[in-house]
Amino acid sequence: MKKIFLALAATALIAGCSSGVKLDNVPVEDRSATAVTPSTGTGGNTGAAGGINDRTVTPATPTTPDLAAGPATGRIVYFDFNSYVVKPEAQSIIENNARYLRANSTRKAVIEGHTDEVGGREYNLALGQRRSEAVRRSLGLLGVPDSQIEAVSFGKEKPAVAGGGEQAQNRRAEITYR
């Protein structure tokens, strides 16, 4: 009887620690004029909202763009609440950054995924990763090699706007250059 109970407890523990977040299937819509077959996938954003974090978060300070470091036309792609779908209005930002990366093959870009403060730490890290991967795949569809792009997630750890007010500016992916 003890063996059965221990086996059930171990199974429940393993099932409780697993994450249902899928990071492989990020939907990206190809709106370029070239014939490219985008990877397809479906994915929902489900997750329970977490509690309030008792740590203090220092907001990220905006920096002025360095013209030598990349295109000055924009490097931030904003997302809707609980979404990682690249919006059509972000297409010009992605196209300009893709053009810059193709012209400067020695430059590398890091795409940092961010979220608002709603939800738990693990969920927000996964959502931030999905957002950065969506931008990475969009750049890839425009001809940027994967060797030039790295996708990372900061979740809710580096907000653009601190506090419980307007959180839309925190739902973003930032393209930075090295």
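As a reminder, the structure under discussion sits directly above these lines.
Residues numbered from 1 in each chain as written. Predicted model: local features only at pLDDT ≥ 70, side-chain atom pairs only at ≥ 80, totals over all residues. Heavy atoms only, no water.

Caption draft 1: Focus on a nonpolar patch on the surface. A contiguous nonpolar patch, built from Met-1, Ile-4 and Leu-8 and spanning about 400 Å² of accessible area, is present on the exposed surface. With respect to the helices, strands and loops of the structure, Leu-8 is situated in helix α1 (residues 2-17). Among the residues examined, Leu-8 registers a relative accessible area of 57% and is labelled exposed. (Patch = residues over 30% accessible without salt bridge, like charges linked within 9 Å, V, L, I, M, F, W, Y side chains within 5 Å. Areas by Shrake-Rupley, 256 points an atom, 1.4 Å probe, with all protein chains shown as cover. Salt bridge = Lys/Arg side-chain N within 4 Å of Asp/Glu carboxyl O. Helix = DSSP H or I, 4+ residues; strand = E, 2+ residues; numbered from the N terminus. Buried < 20%, exposed > 50% of the residue type's maximum accessible area, 1.4 Å probe, protein only.)

Caption draft 2: Representation of the sheet that holds strand β1 (residues 76-78). Read from one edge of the open sheet, four strands run β1-β4-β2-β3, paired in mixed fashion. Each end of this open sheet is capped by a strand with a single partner; those strands are β1 and β3 (149-155). Neighbour-to-neighbour, the strand axes of this sheet turn through a mean angle of 20°, independent of strand direction. Here β1 runs beside strand β4 (residues 172-177); their pairing, made up of three bridges, is antiparallel. Within the sheet, the bridge partner assigned to Tyr-78 lies in β4 and is Arg-172. Sitting on the sheet, helix α2 (residues 91-103) is in contact with β1, β2 (109-114) and β4, with an inclination near 20° to β4. Each of β1, β2, β3 and β4 touches helix α3 (residues 121-141); the most contacted strand, β3, lies at about 155° to it. (Pairing = 2+ DSSP bridges. Axes fitted to C-alpha atoms, helices over the stretch in contact; angles between N-to-C directions. Contact = heavy atoms within 4.5 Å.)

Caption draft 3: The pairing of β4, seen in detail. Summarising the sheet, β2 and β4 pair through six bridges and their orientation is antiparallel. Across the sheet, Ala-109 pairs through a bridge with Tyr-177, a residue of β4.

Caption draft 4: Main features of the side chain of Ser-153. Here Ser-153 lies in strand β3. Judged by its relative accessible area of 18%, Ser-153 is buried. There is a polar contact of 2.7 Å between the side chain of Ser-153 and the backbone oxygen of Leu-125. Reaching out from Ser-153, the side chain makes a polar contact with the backbone nitrogen of Gly-155 at a distance of 3.3 Å. For Ser-153, the residues in contact, after removing those within four places along its chain, are Gly-113, Asn-124, Leu-125, Gly-128 and Gln-129. (Polar contact = N/O pair within 3.5 Å; in protein donor to acceptor, adjacent residues only side chain to side chain.)

Caption draft 5: Quick look at α2. When the terminal C-alpha atoms of α2 are compared, their 18 Å separation across 13 residues agrees well with the 18 Å that a helix rising 1.5 Å per residue should span. All of the buried residues in α2 are Gln-91, Ile-93, Ile-94, Asn-97, Ala-98, Tyr-100 and Leu-101. Tucked into the core, α2 has its buried residues touching β1, β2, α3 and β4. (Expected span 1.5 Å × (residues − 1).)

Caption draft 6: Seen up close, the packing of aromatic side chains. Applying the stated criterion across every chain, the model contains one aromatic pair. Summarising the aromatic geometry, the rings of Tyr-100 and Tyr-177 are spaced 5.1 Å apart at their centres and angled 75° between planes, so their arrangement reads as edge-to-face. Here Tyr-177 lies in strand β4 and Tyr-100 lies in helix α2, a separation of 77 residues in the sequence. Comparing Tyr-100 with Tyr-177 shows no difference in burial state: the two are buried. The side chain of Lys-158 reaches across the aromatic face of Phe-154, ending 4.2 Å from its centre. (Phe/Tyr/Trp six-rings, centres within 6.5 Å; stacked < 30°, edge-to-face > 60°. Lys NZ or Arg CZ within 6 Å of the ring centre and 35° of its normal.)

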